[in-house]
Amino acid sequence: MERFFNLKGRGTTVATEVLAGTTTFISMAYVISLIPNAFLKVAGIAPAQGFTAFVVCAILSTLIGAFYANLPIAFASGIGLSAFFAFTVCAPANQGGMGYTIQVALTALLLEGIVFIFLSAMKVREAFMDAIPFSLKKGISVGIGLFIAIIGFVDSGVTQVGLKFDADTIFPVLKNDPSALFGLHDVNNLFIAKFWDHGHLTPAFWSVVGLFLIAVLVAKRVKGAILLGILAITLVGLLPVSWGGGFTHLPKGTLFQIPSWPKMFQYDWSWTKSLGGMLNIFIILFTLLFVDMFDTIGTLMGIGAQGKLLDKEGKFPGASKAFMADAVGTTFASMFGTTAITAYIESASGVAEGGKTGLTALVVAGWLALALFLSPLFLMVPLQATAPALMMIGFFMLSEIKEIRFDDVTDAIPAYLAVIVMPFTFSIVNGIALGMIAYTVLKAATGRFKEINPIILVLSVIFLLKLLFLSA
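Residues numbered from 1 in each chain as written. Predicted model: local features only at pLDDT ≥ 70, side-chain atom pairs only at ≥ 80, totals over all residues. Heavy atoms only, no water.

Thoughts on the pattern of salt bridges
1) Next: What the rule picks out here adds up to 7 salt bridges.
2) Next: R125 is the salt-bridge partner of D326, the closest N and O atoms lying 2.8 Å from each other. Of this pair, D326 sits in helix α12 (residues 319-336) while R125 sits in helix α7 (residues 124-131), placing them 201 residues apart in sequence.
3) Next: K443 is the salt-bridge partner of D408, the closest N and O atoms lying 3.9 Å from each other. Separated by 35 residues along the polypeptide, D408 in the loop between α16 (383-398) and α17 (409-425) and K443 in helix α18 (residues 428-445) bring together distant segments of the chain. (Salt bridge = Lys/Arg side-chain N within 4 Å of Asp/Glu carboxyl O. Helix = DSSP H or I, 4+ residues; strand = E, 2+ residues; numbered from the N terminus.)

Digging into the nonpolar core
1) Next: Ranked by size, the top nonpolar core spans 121 residues in total, and within it I140, F294, I297, F316, M436 and F463 carry the most contacts.
2) Next: At 14 residues, the largest contribution of residues to this core is made by helix α11 (residues 275-306).
3) Next: Apart from the residues within four sequence positions on either side, M436 is in contact with I132, L136, F294, I456, L459, S460 and F463. (Core = buried A, V, L, I, M, F, W, Y, C linked by side-chain atoms within 4.5 Å. Buried < 20%, exposed > 50% of the residue type's maximum accessible area, 1.4 Å probe, protein only. Contact = heavy atoms within 4.5 Å.)

What about the environment of I132?
1) Next: Here I132 lies in the loop between α7 and α8 (134-156).
2) Next: On the accessibility criterion, I132 (3% relative accessible area) is buried.
3) Next: Contacts of I132, omitting those with residues within four sequence positions, involve K137, I140, I297, M301, M436 and I456.

Quick notes on helix α19 (residues 454-469)
1) Next: The terminal C-alpha atoms of α19, which comprises 16 residues, lie 23 Å apart, in line with the 22 Å expected from a rise of 1.5 Å per residue.
2) Next: I456, L459, S460, F463 and K466 are the residues of α19 that are buried. For α19, the angular spread of the buried residues around the axis is 125 degrees, confining them to a single face. Counted as exposed and oriented over 90 degrees from the buried face of α19: P454, L468 and F469.
3) Next: A side-chain oxygen of the first residue of α19 lies 2.8 Å from the backbone nitrogen of I455; this N-cap is N453. (Expected span 1.5 Å × (residues − 1). Arc of directions from axis to C-beta. Polar contact = N/O pair within 3.5 Å; in protein donor to acceptor, adjacent residues only side chain to side chain.)

A look at unusual backbone geometry
1) Next: Located in the positive-phi region is N6, a residue other than glycine, with phi close to 55 degrees.
2) Next: Of the residues examined, N6 reaches a relative accessible area of 37% and is grouped as partly exposed.
3) Next: For F265, which is not glycine, the phi torsion reads 55 degrees and is therefore positive.
4) Next: Here F265 shows up in the loop between α10 (225-236) and α11.

What to know about α10
1) Next: Relative to the 16 Å expected for 12 residues at 1.5 Å per residue, α10 spans 16 Å between its end C-alpha atoms, a close match to the ideal helical length.
2) Next: Restricting attention to buried positions, one finds in α10 the residues A225, I226, L227, G229, I230, I233, T234 and V236.

Let's talk about empty space enclosed by the protein
1) Next: For the structure shown, the criterion picks out 1 cavity of 30 Å³ or more.
2) Next: Put simply, the largest cavity is a space of about 40 Å³.
3) Next: As for the largest cavity, its lining consists of K137, K138, S141, M301, A305, L310 and G314.
4) Next: Those elements that place two or more of their residues in the lining of the largest cavity are α8 and α11.
5) Next: For the lining of the largest cavity, the element with the highest residue contribution is α8, accounting for 3 residues.
6) Next: The residue makeup of the lining of the largest cavity, split by class, is 3 nonpolar, 2 polar and 2 charged. (1 Å grid on protein atoms, 1.4 Å probe; cavity = no way out; pocket = protein on both sides within 12 Å on 5 of 7 lines; lining within 4 Å. Points joined across faces, edges and corners; volume = space filled by probe spheres on them. Nonpolar A, V, L, I, M, F, W, Y, C, P; charged D, E, K, R; others polar.)

Here we look at the packing of helix α6 (residues 102-121) against α12
1) Next: At a minimum axis distance of 8 Å, the contact between α6 and α12 shows a crossing angle of 160 degrees. Here α12 runs roughly antiparallel to α6, going by the angle between their axes. Seen from above, α6 lies across α12 with left-handed handedness. Contact residues: L106, L109, L110, E112, G113, I114, F116, I117, S120 and A121 in α6; S320, F323, M324, D326, A327, V328, T330, T331, A333 and S334 in α12.
2) Next: Here the residues of the contact of α6 with α12 sort into 12 nonpolar, 6 polar and 2 charged. (Axes fitted to C-alpha atoms, helices over the stretch in contact; angles between N-to-C directions. Parallel < 35°, antiparallel > 145°, perpendicular 65-115°, else oblique. Left-handed = near helix turned anticlockwise from the far one by under 90°.)

Considering a nonpolar patch on the surface
1) Next: A surface patch of nonpolar side chains, amounting to about 600 Å² of accessible area, comprises L457, V461, L464, L465, L468 and F469.
2) Next: Here L457 is to be found in helix α19.
3) Next: Given a relative accessible area of 42%, L457 falls into the partly exposed group. (Patch = residues over 30% accessible without salt bridge, like charges linked within 9 Å, V, L, I, M, F, W, Y side chains within 5 Å. Areas by Shrake-Rupley, 256 points an atom, 1.4 Å probe, with all protein chains shown as cover.)

Brief notes about the side chain of T299
1) Next: Within the element layout of this structure, T299 appears in helix α11.
2) Next: The contact partners of T299, leaving out residues within four places of it in the chain, are I144, A343, Y344, I345 and I428.

A short note on the layout of surface pockets
1) Next: Quantified by volume, the second largest pocket comes out at close to 490 Å³.
2) Next: Q306, V351, A352, E353 and G354 are the residues nearest the centre of the second largest pocket, which is lined by 21 residues in total.
3) Next: In terms of residue class, the lining of the second largest pocket is built from 9 nonpolar, 6 polar and 6 charged.

Structure below.
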């Protein structure tokens, strides 16, 4: 292990990596049930089969990240891309969707995976990532940190603030309650939850206690601070409701379950018979490529900054291998019947615990393998317990703001937009888009054309066209 993962060279140990991998897994465990039940089921895949497909593909792609890329990053089907599958591609036309079957959607996903393998092998995606200006990279990292923190506050129940989704373009199925998917409400309903209600403490109160507990343990340099905080609040959730507990639910029945194997290779090429069908598939493919590419780029930059994995120029040395794990994983996803694979931002929780090598990812894959057979046990960790970890990670990533060059407005404003737009729109891609567009416009308007990388110029045009004409 020492030689293969270069533990000593990266300043870590087996114990630290195991702790980091366990923390990452617990932080992302909520998606094990969320993706199959909230998205794959809507798209037409039975939850039991969707569960197996999701976990198997997460294991395969994370193992590639562990052994090939040697990075402490977990890979799995992304929430945003899963929502696009369910509520845009597969939703009926009379509900605002494209009306395609899951088989056609998986065929488009196969094409995306193949294209991504080619782009990753040619290091095109890495070139895109390296072209992003230094200050904008830092702004993206901070924006992702705030995005993670807001997810934590929403998950905890401390607040339910969120921007109102446009149901006609993003989630057409949810026209009656466009905020229902994530439990968000109109921004006018901004509030802080009650910590004392009807004579007892609330779960939101215990989430804040978890945040303070993690902060104290971090201040005391206790190893495993984040994991200890998660476990502590999980146990508190077993208290009687009269004490503010009741939010951790023990598994009912047996802990051991044999996974239901998914249907394989559900492809449909009937769309090739018409020009309209090919055009729609191109739109699906382009959107998947676009969102997946920059979701992963943003995540890698955020995790890289958090784990000190970036070099002096802000480049991520192992990015091309991480992109290959993403690409091959997405191809596997199309075969098994789940949605596009991306690097998981929850990996930042493991990195915060000291994870620096692929051994962290290997531990995540091991826990995922156990989850295949012991899903009731792993799914008992409540959101109120993982939320404090996300809040704390937001604090860690906020520290990158001091690296932004505020003395140069043409660098600082694009970074500022990335910081602000990501949490306010619940989209990493939107933050990167407006940041790049602003960078290009400000540099051009001030006569500093030489500072605009040609890649950034092209991407800015593409991002502008996306914001103008593509709502998904």
